[in-house]
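Structure assessment
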Amino acid sequence: PHIHTEEVNLCPLCGSGRHSNFAVGFDYELRTCRNAWNFVACAACSHVWLNPRPATSELPVTYPPHYYAYNYRSVVHPIAAWAKGILDHGKLKGILRYCPGPPTSYLDAGCGDGRFLRAMAAQGVPRSGIFGLELDERVVARLRAEDYQAFCERVEDCQLPEESVDLATMFHVIEHVDDPGAVVRAVRRCLKPGGIFAIETPNVDSWDARLFRDHFWGGYHIPRHWNLFRPATLRKLLEQNGFEVLATEYKTGHSFWMYSVHHWLRYHRVPWPKL
């Protein structure tokens with residue numbers, strides 16, 4: 001279908017109304033709609049965002065029931081899931097070294113099917129202190145059945161008590177939201193003094209983003225990514241909302257490389273669908 005959209009003419013970070021075209025593309029991954037989508041870049045702060053973006057009423061279309069984050073364990077090959085589990089453990093271990101002590105409470109904002117909730121439980125955090133936020137009611141029901149504190153609500157609307165969480169993570173979520181500032185403030189409200197907030201998000205300054213910038217970069221995840229960051233713009237967002245940035249680290253976005261090459265082969269000029 002051709003779905004309804006809404007204009008976003010002001011920069012979600014600085015509020016400037018001056019912007020220029022950055023990239024254009026389609027939903028190459030899931031093919032949920034036939035709209036052409038545009039990313040624009042702010043002339044004032046260089047932030048990149050989707051304009052226009054899907055109307056809120058169309059989210060069930062762009063996030064269909066088979067969306068991978070809701071069914072991670074069922075769509076990933078067992079060997080790949082085993083390898084990913086090792087990588088996830090290493091990721092959390094790297095984050096935990098910034099914590100002032102072993103966390104007793106944990107929040108994963110946008111927890112998907114709960115794989116990081118389970119990883120933190122394996123680290124010894126009690127399930128009564130492990131919180132997950134997700135927008136799919138079926139996922140939340142499954143996590144509650146496992147005794148995790150899961151809630152079907154947006155991060156900016158969450159009702160967790162103030163200063164109740166030692167560690168919060170947001171892995172590939174900040175790029176999906178309409179108001180990144182509101183999301184960051186909501187997480188800060190939940191964190192204890194000295195608490196740690198770890199974000200992972202696509203980097204529009206990365207090699208693959210530059211190589212496939214015009215149309216096919218996998219990090220666009222069109223039309224589900226609404227805000228795209230550079231290290232400088234992410235730092236600005238955090239510092240404007242009361243955080244101190246302790247570290248910036250980079251990881252190889254292997255899935256983005258694979259999607260980028262796939263999109264180029266499948267949709268650039270003469271397509272190679274079998275390849």
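One structure accompanies this document, and this report is about it.

Considerations on the packing of aromatic side chains
Counted by the stated rule, this structure contains ten aromatic pairs. A centroid spacing of 4.5 Å and a plane angle of 45 degrees characterise the contact between Phe 116 and Phe 171, whose relative ring orientation is tilted. On the criterion of sequence distance, the pair formed by Phe 116 in helix 4 (residues 115-122) and Phe 171 in strand 9 (residues 165-171) is long-range, its members being 55 residues apart. Summarising the burial analysis for this pair, Phe 116 and Phe 171 share the class buried. Their ring planes at 45 degrees and their centres at 5.5 Å tell us that Phe 197 and Phe 243 sit as a pair that is tilted. Here Phe 243 lies in the loop between helix 8 (231-240) and helix 9 (254-267) and Phe 197 lies in strand 10 (residues 191-200), a separation of 46 residues in the sequence. A single burial state applies to Phe 197 and to Phe 243, both of which are buried.

Points about unusual backbone geometry
Geometrically, the link from Asn 51 to Pro 52 is a cis peptide bond, its omega value of 0 degrees lying close to zero. Structurally, Pro 52 can be placed in the loop between strand 4 (48-50) and strand 5 (53-54). Here the amide bond leading from Ile 222 into Pro 223 is cis, since omega sits at -5 degrees, within 30 degrees of zero. Topologically, Pro 223 is positioned in the loop between helix 7 (207-211) and strand 11 (227-228). The phi angle at Arg 31 is positive, at roughly 50 degrees, despite the residue not being glycine. Mapped onto the fold, Arg 31 is located in the loop between strand 2 (19-25) and strand 3 (37-42). For Arg 269, which is not a glycine, the phi torsion comes out positive at approximately 55 degrees. Among the structural elements, Arg 269 can be located in the segment after helix 9. The exposed category is assigned to Arg 269, whose relative accessible area is 74%.

Focus: the side chain of Asp 27
Position of Asp 27 among the secondary structure elements: in the loop between strand 2 and strand 3. On the basis of relative accessibility, which here comes to 2%, the residue Asp 27 falls in the buried class. Within the structure, Asp 27 has its side chain in polar contact with the backbone nitrogen of Leu 30 (distance 3.1 Å). Excluding its chain neighbours within four sequence positions, the residues that come into contact with Asp 27 are Thr 32, Cys 33, Trp 37, Ile 222, Pro 223 and Arg 224.

Cut-offs applied
Residues numbered from 1 in each chain as written. Predicted model: local features only at pLDDT ≥ 70, side-chain atom pairs only at ≥ 80, totals over all residues. Heavy atoms only, no water. Phe/Tyr/Trp six-rings, centres within 6.5 Å; stacked < 30°, edge-to-face > 60°. Helix = DSSP H or I, 4+ residues; strand = E, 2+ residues; numbered from the N terminus. Buried < 20%, exposed > 50% of the residue type's maximum accessible area, 1.4 Å probe, protein only. Polar contact = N/O pair within 3.5 Å; in protein donor to acceptor, adjacent residues only side chain to side chain. Contact = heavy atoms within 4.5 Å.

Structural measurements only, silent on function.
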